[in-house]
Amino acid sequence: MSKRTIRVGSRESALAVAQTQLVMDVIQKNHPELELQLVTMKTMGDKILDRSLDKIGGKGLFVKELDKALMDERIDISIHSLKDMPMETPEELPILAYSKRGNPFDCMVLPQGITEWNPEEPTGCSGHRRKVQLKKLMGDVPIKGIRGNILTRLDKLDSGEYGALILACSGLERIGLASRIHRVFTLEEMIPSAGQGILSVQGRKGEDYSWLMQTDDPVSRIQALAERSFVRTLDGGCSSPIAAFAQVNGQEVCLTGLYYHEEEGVYVTGSKTDCIERAEQLGEILALELKSQFLCGCFVEKGVL
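What you see is a predicted model, and the numbers here were worked out from it, not measured in a lab.

Student: So what about the nonpolar core? Which residues, and what values?
Tutor: With 22 residues, the main nonpolar core has F230, V231, L234, V253, L255, Y259 and L290 as its most contacted residues. Top contributing element to this core by residue count: helix 9 (residues 279-295), with six residues. Counting 15 residues, the second largest nonpolar core, distinct from the first, contains M24, L36, I77 and I79.

Take a look at the structure:
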C-alpha cells in the first residue's frame, strides 16, 4: 500500500528550509506512514531587497505565494517563522500548529575574527523594533538598515560593510551558526518580536489535520496567542516598533510589551500576568494599558528613528 504524500511548502532560503525540516522531522517521527515532500518557492519579500519591508507592503510579502499555493492545493501545509506572518490570517487558511519555541532573543554578531564591538562602525539592523531598543541601550550609535537572508547579511558583515549585526538567535542556531553569536540581549535590554523563535504550520480550513496534533506545542500556542493579540490590538504591522514576549510559568502567563507612538517618537514598556486560559485577553489588556499610559504622558523614552 502506497504512503499518503503530504506536500510541505516553504520559502527557499537556507534558514526557511532548515526550519521547515525541523517541523517535518516531528511529523515524520509521529507519523511514519506519511511521505513528506518539500516544496520551496521564492516570495516577493525575498525578491525585493533594496527597500525596507514597510515600503513594499509589509510581512504579507513573505506569505502570499505560499498562501496561494495552499488555496490552489499545490501544497497541503506551509511552514513560516511566526514573526514573519501578518497578525491577521485568512479565515480559510488557519494556523494549525505552533512548534516548540527556539531561542526567542536577539543577539549581536561581529565580523569573522573580531572579538570586540566597535560602536563607531555601523550596526546592521532590520526593523524599527530593534533600532529603537538599540538606541536606548547603546546610545547614539550609527545604525544602518539591512535586508536579505541570514547568509547574505553575514557576508555583508564579514566583507566590512558593517561593524556588527543584530539578528535573531534562533535563526543562527537553526543553521548551525550559534558560534557567531557575540552577545545575547536579555528581555530587559531588547524585547523580542512577537512570535520570534516559533514556527507556525498553516493549512486549509475544514480538512483533517489530526496528524499535526503532536506538532503543536501547548506552551508556544499560549505565547503566540498573547503576543500576537498584543500587536494586533495596537494595529502593529512590520513597520511599527511594537514588541511582545510571553513567559509561561505553570498556570500563569506573564506578557512583556513595548508600544511605540510614531508621531511623537516615544515609547512605553510594561508587563502583566494572568492565567493561561486568558492569554489572548491578556494581550489586549496590556496593549490598551500601555496605550493609555502614553495618552497620559507616562512614556518611558524618546525614540530616535
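That covers the picture; the talk isn't over yet.
Student: Any chance you could break down the sheet that holds strand 6 (residues 123-125) for me, citing the residues and the numbers?
Tutor: The strand order across the open sheet formed by five strands is 7-6-8-5-9, and the pairing between neighbours is mixed. This sheet does not close on itself; its edge strands, each paired only once, are strand 7 (143-145) and strand 9 (181-184). Adjacent strand axes in the sheet meet at a mean angle of 35 degrees when their direction is disregarded. As paired strands, strand 5 (residues 106-109) and strand 8 (residues 164-168) are joined by four bridges and run antiparallel to one another.

Student: How would you summarise the sheet that holds strand 10 (residues 199-202) if you had to cite specific residues and measurements?
Tutor: Spatially, the five strands line up as an open sheet ordered 2-1-3-10-4, and their pairing is mixed. On the outer flanks of this sheet lie strand 2 (34-41) and strand 4 (95-98), each paired with one strand and no other. Shown here is a sheet whose adjacent strand axes are inclined to one another by a mean of 30 degrees, direction ignored. Where strand 3 (residues 77-81) and strand 10 come together, four bridges link them in antiparallel fashion. By the bridge assignment for strand 10, H80 is matched with S200. Set on the sheet, helix 1 (residues 14-30) makes contact with strand 1 (4-11), strand 2, strand 3 and strand 10; between it and strand 2 the angle comes to about 165 degrees.

Student: Go over the packing of aromatic side chains, please, and point to the residues and values.
Tutor: For any two aromatic rings, the description comes down to two numbers: the centre-to-centre distance and the angle of the planes. The tally for this structure, following the rule as stated, stands at three aromatic pairs. Here the aromatic rings of F105 and F245 are separated by 5.3 Å at their centres, their planes lie at 55 degrees, and the arrangement is tilted. Taken together, the residues span a long stretch of sequence, with F105 in the loop between strand 4 and strand 5 and F245 in strand 11 (residues 243-249) at a distance of 140 residues. Above the face of the Y162 ring, K144 is positioned so that its terminal group lies 4.9 Å from the ring centre.

So, how was this worked out
- Residue numbering note: each chain is counted from 1, following its sequence as written.
- The predicted origin of the model limits local features to residues at a pLDDT of at least 70 and limits the giving and counting of side-chain atom pairs to 80 or more, whereas totals for whole chains, interfaces and linings rest on all residues.
- Only heavy atoms go into the side-chain values, all of them from the structure, while hydrogens and water stay out.
- Side-chain atoms within 4.5 Å are what join buried Ala, Val, Leu, Ile, Met, Phe, Trp, Tyr and Cys residues into a set we call a nonpolar core.
- Each residue's exposure class comes from its accessible area (1.4 Å probe, protein chains only) as a fraction of the maximum for that residue type: buried when under 20%, exposed when over 50%, partly exposed otherwise.
- Secondary structure elements are defined from DSSP: runs of H or I of at least 4 residues count as helices, runs of E of at least 2 residues count as strands, and each element is numbered from the N terminus.
- In this analysis, strands are considered paired if DSSP registers two or more bridges between them.
- The convention used is that axes are lines fitted to C-alpha atoms, helices contributing only their stretch in contact, and that angles between N-to-C directions extend from 0 to 180 degrees.
- Here, two residues are considered to be in contact whenever any of their heavy atoms come within 4.5 Å of each other.
- Here a pair means two rings of Phe, Tyr or Trp (six-membered ring of Trp) with centres within 6.5 Å. Their orientation is stacked below 30 degrees between planes, edge-to-face above 60, and tilted elsewhere.
- Charge-over-ring placement is defined geometrically: NZ (Lys) or CZ (Arg) within 6 Å of the ring centre, and within 35 degrees of the ring normal.

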